[in-house]
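Tertiary structure, described
In case you want the letters, here they are:
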Amino acid sequence: MYAFLPRKLPKQLHDLTELALNLRWTWNHALDELWKAIDPLLWARTHNPWLILQNTAPQRLKALCQDAAFSQTLARAIDEHRRYLDEPGWYAGQRPLNDGAQVAYFSMEFGLSEALALYAGGLGVLAGDYLKTASDMGVPILGVGLLYQEGYFRQSIDAAGRQQEAYPHNDPTSLPIQPAFGRDGAWLKVALPLPGRTLHLRVWQVIVGRTRLYLLDSNDLLNGAADRGITSKLYAGGSEMRLLQEVVLGIGGWATLDALGIRVDVCHLNEGHAALLVLERARRFMHKTGVSFQQAWWATRAGNVFTTHTPVAAGFDVFPAALVLKYARGYLDDCQLSSQELLALGRRDPTDDDEPFNMAFLALRGCAQSNAVSRLHGEVSRRLFSDLYPRWPYEEVPVGYVTNGVHVPSWDSAWSDHLWTRSCGKERWLGTVETLADTVADTDDKALWAMAAEQRHDLVNYARQRLAGQLSQRDESPQQVEEAARVLDPNCLTLGFARRFTDYKRPNLLLHDVERLKRLLTHEQHPVQLIIAGKAHPADEQGKQLIQAWMDFVHLPGLRRHVVFLEDYDIEMAQYLVQGVDVWINTPRRPWEACGTSGMKVLVNGGLNLSELDGWWAQAYQPAYGWAIGSDAPSDDEVDAERLYSVLENEVVPLFYSRDNQGIPREWVQHMRASMAQLGPQFSSNRMLHDYLEQYYQPAIQAFRRRGKDQAALACTLHAWHKALATGWDSIHFGQVESRRDGDWLHISVPIYLGEIAAQWVKVELYAHACDGFPDACLPMNAVDKMPGATQGYIFYATVAAERPADHYTPRVRAWHPEAFLPAENPLIAWQR
Ligand SMILES: *Cc1c(COP(=O)(O)O)cnc(C)c1O
């Protein structure tokens, strides 16, 4: 057991503990001076105030107590901090949006800070940004995740250009976290039954501004050695280890909220990893209310929201059925489910005993609402999941989209913060952001260009230092190390490319024609420089070779000053990069980039994007904002590489270097202004959270509450409705369609025999696919005449404009209930053939 007594600080410094344990310091840089004053070296190395407090010598603390300037800074800081915490926040004033509901956000990764590195990439950084935004806007969202003892690997590159992986230990005593205490005042532990044993989970609490993140870890001495390692690494280990982590996150996570006595209305699943929680949530609801498991499923599903992040089926989390049964067996007896019923929740075809169990399918079935993360990804996802909605047109598969956004205060530079504060005020990211664009559009050219220069300068300095560090680690000659201080040029057009090194991101598209890239970089009058960073997954040999190819390029003669590969891409490095680059390059193979967020981080700092028309850029790009490669078709490497070079040579470089007599590239600056003003607010997480609140959380909260009250009466009704429709559906049949033209109108009618099903539980529609230049169309048909002598037989009518031929239309019957999310919760549909 870790001793968990934070050191005692002198009374005058007590407030430091409160500040250090609240991760708001990751985005409130007003405090930076404070931490730096205590220990400049530790601050520079770790950016972890909590660690600084644990390690500062008593002498130094004593000196700080005597330091009047320090005390003043501290007093101001704590005042400002408490004001932030006490303010009701934007959300408090938003009725009826705000009705005291609680959202729990489940994620396998949280990337809040390098001081608490529980992430591998974009998914985690998004989750971190989301919690920070919830805090700023005052929205009651708490996070649930895992505390990894080692997290994701740290990268170094050896002399041969090969990636090496290291897994430094996350010592909980130096992390800015605390044990979470249960209602009895003791450290909260959650016990989960596993086959033949009990798994004990420790619960930790992270304070993120006004919100909380709960982390679970299995490294408890009560567990066996293997179980203690369940939460040791992120995305490493085999299938069983991965499933166990998901058991801990989903089932343990929900049990934790229950143990803490937190009443949750909405569970938001950030990717399918936490999908098991839908089972646990329903099971506990069943026990609390005494309804059946199926009824509880109907009650709780309304409060579950699933966000999918993958654009390919191979990205889904899939487990052998036997493995799932091994760990979910407890649900069979308790919930009176057969093993086939349980496994059907994660299968495309419920009757196929050989099909493995897919967590994304479970999530989709267990959540009344699902969404993708960009407009294009929405289209891709509707196709990916279409098998679960047989006979539905792709467009109607119930997966919407909310485009991701970034938490701007985490990514802006001090320079850009200053500039934005002047035009929009300090509080600009604490609410909705629609009006920011107009205000920022007024900033003058000189100020913008000066900001870009300062930021580039900071990045060049940072890159030189990192490079010197890397070279000495690699045992290069002192001469080489010294030369690092002279690489790059603070006045040179600076391109950045940093992301996961994996095939679909095409990190080597720029290397397609090495000679051409070399010429571009080393041009006499218009030189260009390039900063590269990124990790390859430890098991991805191809990704590692892509890194090696860049290392070979970097070492070509004459390029040393023009291109730098920075090792160990992480949040902190990303901050420097997105603040200092002029152009951020992204070359994914469309449509494989679900959204991509790193390009959004440059917006606030005036960086421009040059990107494939994929993910967010496919919906953001306009010539006034930056540059695009690719088209609305799948990517072609040859074509894209050619276009990438020609855009750089003929558009980017000339625009950057065409200066007026004051040395300002006026047109470039116009691009900066347009991109900052128009795209910055739009791709901020403020906009994203607002979208989730309006489009997903509000409907979820209201439906969950309606279904749950009075012993879940409405949920029981819905369940009965669902059962009745399932039994009677096959008896529906259609008669002949008749159409009659009357001037500009077509009257279409069709007899439909509903058999066992009451007319109020279906909707009849006239549907037409897009064809011959006409769009998709779907019109209601109304029952006017009941057919004599037929049980539930009606003639349904619709009148449509005659310009479209009658044979474009097909009548269809779909399940309908005003209280259900459709077709998500009941995809029954019948078509006239
Ligand atoms: C923003 C960010 C990402 C996500 O970037 P993509 O655009 O999705 O490639 C990954 N890693 C870090 C460290 C980041 O800051």
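Residues numbered from 1 in each chain as written. Predicted model: local features only at pLDDT ≥ 70, side-chain atom pairs only at ≥ 80, totals over all residues. Heavy atoms only, no water.

As for the site of the ligand
Operational definition: When at least one non-hydrogen atom of a residue lies within 4 Å of a molecule or strand, that residue is treated as near it. A 3.5 Å cut-off defines polar contacts: any pair of N or O atoms within that distance qualifies, except that in protein one atom must be a possible hydrogen donor and the other a possible acceptor, and neighbouring residues in sequence count only when both atoms are side-chain atoms. For the area figures, the Shrake-Rupley method with a 1.4 Å probe applies, and any residue is considered shielded solely by the protein chains shown. Only DSSP runs of H or I covering at least 4 residues are called helices, and only runs of E covering at least 2 are called strands; the numbering of each starts at the N terminus. In this classification, Asp, Glu, Lys and Arg are treated as charged, Ala, Val, Leu, Ile, Met, Phe, Trp, Tyr, Cys and Pro as nonpolar, and every other residue, Gly included, as polar. Throughout, the edges of the domains are those of an automatic or database domain assignment.
By nearness alone, 14 residues border the ligand, and K505, A574, T597, S598 and K601 come closest of all. A distance of 2.6 Å is found between an oxygen atom of the ligand and a side-chain nitrogen or oxygen belonging to K601. Calculation on the ligand without its partners gives an accessible area of 390 Å², and the protein chains cover 92% of this total. When residues of the shell around the ligand are traced back to their parent elements, those giving at least two are α7 (122-137), α23 (571-580) and α24 (598-601). Within the shell around the ligand, the residues separate by chemical class into five nonpolar, five polar and four charged. In terms of domain composition, the shell around the ligand takes at least three residues from each of domain 2 (100-154 + 165-289 + 303-401) and domain 3 (489-680).

Section: the packing of helix α21 (residues 514-521) against helix α26 (residues 637-657)
As a reminder, the rule being used: Interaxial angles span 0 to 180 degrees and are taken between N-to-C directions of axes, which are lines fitted to C-alpha atoms, for helices over the stretch in contact. Between 65 and 115 degrees an angle is taken as roughly perpendicular, under 35 as roughly parallel, over 145 as roughly antiparallel, and anywhere else as oblique. Helix crossings are classified by the rotation of the near helix relative to the far one: an anticlockwise turn of less than a right angle makes the crossing left-handed, while a clockwise turn makes it right-handed. Contacts are assigned to residue pairs with any non-hydrogen atoms lying within 4.5 Å of each other.
As a packed pair, α21 and α26 sit with axes 11 Å apart at the nearest point and diverge in direction by 15°. For the element pair α21 / α26, the angle class is roughly parallel. Both α21 and α26 take part in a crossing whose hand is left-handed. Where α21 abuts α26, its residues R516, L517 and L520 lie against E642, Y645, S646, L648, E649 and V653. Grouping the amino acids of the contact of α21 with α26 by side-chain chemistry returns five nonpolar, one polar and three charged.

Some words on the sheet that holds strand β18 (residues 528-533)
The strands making up a sheet associate through hydrogen bonds between their backbones, and the pairing can be parallel or antiparallel. Condition: We treat two strands as partners when DSSP finds at least two bridges between them.
If you trace the six strands from one edge of the open sheet to the other, you get β19-β18-β17-β20-β21-β22, paired in parallel fashion. Taken across any chain shown, the strands that pair with only one partner, and hence form the sheet edges, are β19 (563-566) and β22 (626-629). With strand direction ignored, the average angle separating the axes of adjacent strands in the sheet is 20°. Pairing of strand β21 (residues 608-612) with β22 involves four bridges; the strand directions are parallel. Residue pairing across strands places E612 opposite I629, the latter belonging to β22. In the packing of α26 onto the sheet, contacts are made with β17 (493-498), β18, β20 (583-586), β21 and β22, and the angle to β22 comes to roughly 165°.

Overview of the UniProt feature "modified residue: N6-(pyridoxal phosphate)lysine" (unreviewed entry) in the protein chain
What counts, and what does not: UniProt positions are given in the numbering used here, feature names are shortened, and annotations may be inferred rather than shown by experiment.
Mapped onto this numbering, the UniProt entry gives "modified residue: N6-(pyridoxal phosphate)lysine" (unreviewed entry) at K601. If you trace the backbone, K601 turns up in helix α24. If we ignore the near neighbours within four places in the chain, the residues touching K601 are V125, V406, W411 and V578.

Describing the packing of aromatic side chains
Here the distance between the centres and the angle between the planes together describe a pair of aromatic rings. To be explicit about the condition: Centres within 6.5 Å make a pair out of two Phe, Tyr or Trp rings, where for Trp the six-membered ring is used; the pair is then stacked when the planes are under 30 degrees apart, edge-to-face when over 60, and tilted otherwise. For every residue, the accessible area (1.4 Å probe, protein chains only) is compared with the maximum for its type, and the residue is labelled buried under 20%, exposed over 50%, or partly exposed between those bounds. Distance and angle both matter: a charge sits over a ring if NZ of Lys or CZ of Arg is within 6 Å of the ring centre and within 35 degrees of the ring normal.
Throughout the structure, instances matching the rule amount to 27 aromatic pairs. Judged by centre distance (4.8 Å) and plane angle (75°), the rings of W187 and W204 are edge-to-face. Of this pair, W187 sits in the loop between β7 (178-179) and β8 (189-194) while W204 is found in strand β9 (residues 197-208), placing the two residues 17 residues apart along the sequence. Here the two residues W187 and W204 agree in accessibility, since each one is buried. Members of the aromatic cluster, joined through ring pairs, are Y105, F110, Y130, Y692, Y696 and Y697. The ring of Y167 has K233 lying over it, and the distance from NZ or CZ to the ring centre is 4.7 Å.

Overview of the environment of R382
If you trace the backbone, R382 turns up in helix α15 (residues 375-384). Remark: the alpha-carbon pair of R382 and E738, spanning 356 residues in sequence, is separated by 33 Å.

What to know about the nonpolar core
Applicable threshold: Buried Ala, Val, Leu, Ile, Met, Phe, Trp, Tyr and Cys residues that are joined via side-chain atoms within 4.5 Å together make up what is termed a nonpolar core.
L16, W35, F106, I141 and Y697 are the most contacted members of the largest nonpolar core, which has 181 residues in total. With 14 residues, helix α28 (residues 685-728) is the largest single contributor of residues to this core. Not counting residues within four places of it along the chain, the set of residues in contact with F106 comprises V144, L249, G250, G253, W254, L257, C267, H268, L269, N270, A274 and L277.

Digging into unusual backbone geometry
Cis geometry marks the peptide bond from R590 to P591; its omega dihedral reads 0°. By the secondary structure assignment, P591 is in the loop between β20 and α24. Omega for the peptide link from L822 to P823 comes to 5°, which places this bond in the cis form. Locating P823 in the fold gives a position in the loop between β30 (809-815) and β31 (829-831). Not every positive phi belongs to a glycine, and L488 is a case in point at roughly 60°.

Focus: the environment of I251
By secondary structure assignment, the location of I251 is in helix α9 (residues 239-260). On the basis of relative accessible area, I251 is assigned to the buried category, the value being 8%. Discounting residues that sit within four places of it in the chain, I251 has contacts with L192, E246, L276, E280 and Y331.

A few points about α7
Put simply, the rule reads: A helix is expected to reach a length of 1.5 Å times the quantity of its residues less one.
For α7, built from 16 residues, the straight-helix expectation of 22 Å at 1.5 Å per residue is met to within 8% by its first-to-last C-alpha distance of 22 Å. Burial of α7 is extensive: 15 of the 16 residues sit out of reach of the surface. Positive phi appears at G138, one or two residues downstream of α7, with a value of about 70°.

Quick word on the pattern of salt bridges
Cut-off, in case you're wondering: For this document, the term salt bridge refers to a Lys or Arg side-chain nitrogen within 4 Å of an Asp or Glu carboxyl oxygen.
With the rule as written, the count across this model stands at 48 salt bridges. As a salt-bridge pair, R506 and D637 come within 2.7 Å of each other at their nearest N and O atoms. With R506 in the loop between β17 and α21 and D637 in helix α26, the pair connects residues that are 131 residues apart, well separated along the chain. On the accessibility criterion, D637 (31% relative accessible area) is partly exposed. Through salt bridges with shared partners, one network takes in D258, E280, R283, R284, K288 and D334.

Quick notes on the side chain of R707
Assignment of secondary structure puts R707 in helix α28. Under the relative-accessibility criterion, R707 is labelled buried at 0%. A distance of 2.6 Å separates a polar atom in the side chain of R707 from a polar atom in the side chain of E825. Apart from residues lying up to four places away in sequence, R707 is in contact with W298, A299, A302, A712, A713, L714, A715, L718, E819, A820, F821 and E825.

Section: the pairing of β8
Of the two faces of β8, only one is covered, namely that formed by V190, L192 and L194; the face formed by K189, A191 and P193 stays uncovered. Direction of pairing for β8 relative to β9: antiparallel, over a ladder of six bridges. Among the inter-strand pairings, P193 is bridged to a residue of β9, identified as T198. Counting the residues that bridge the hairpin from β8 to β9 gives two residues, and of these G196 lies at a positive phi of roughly 75°.

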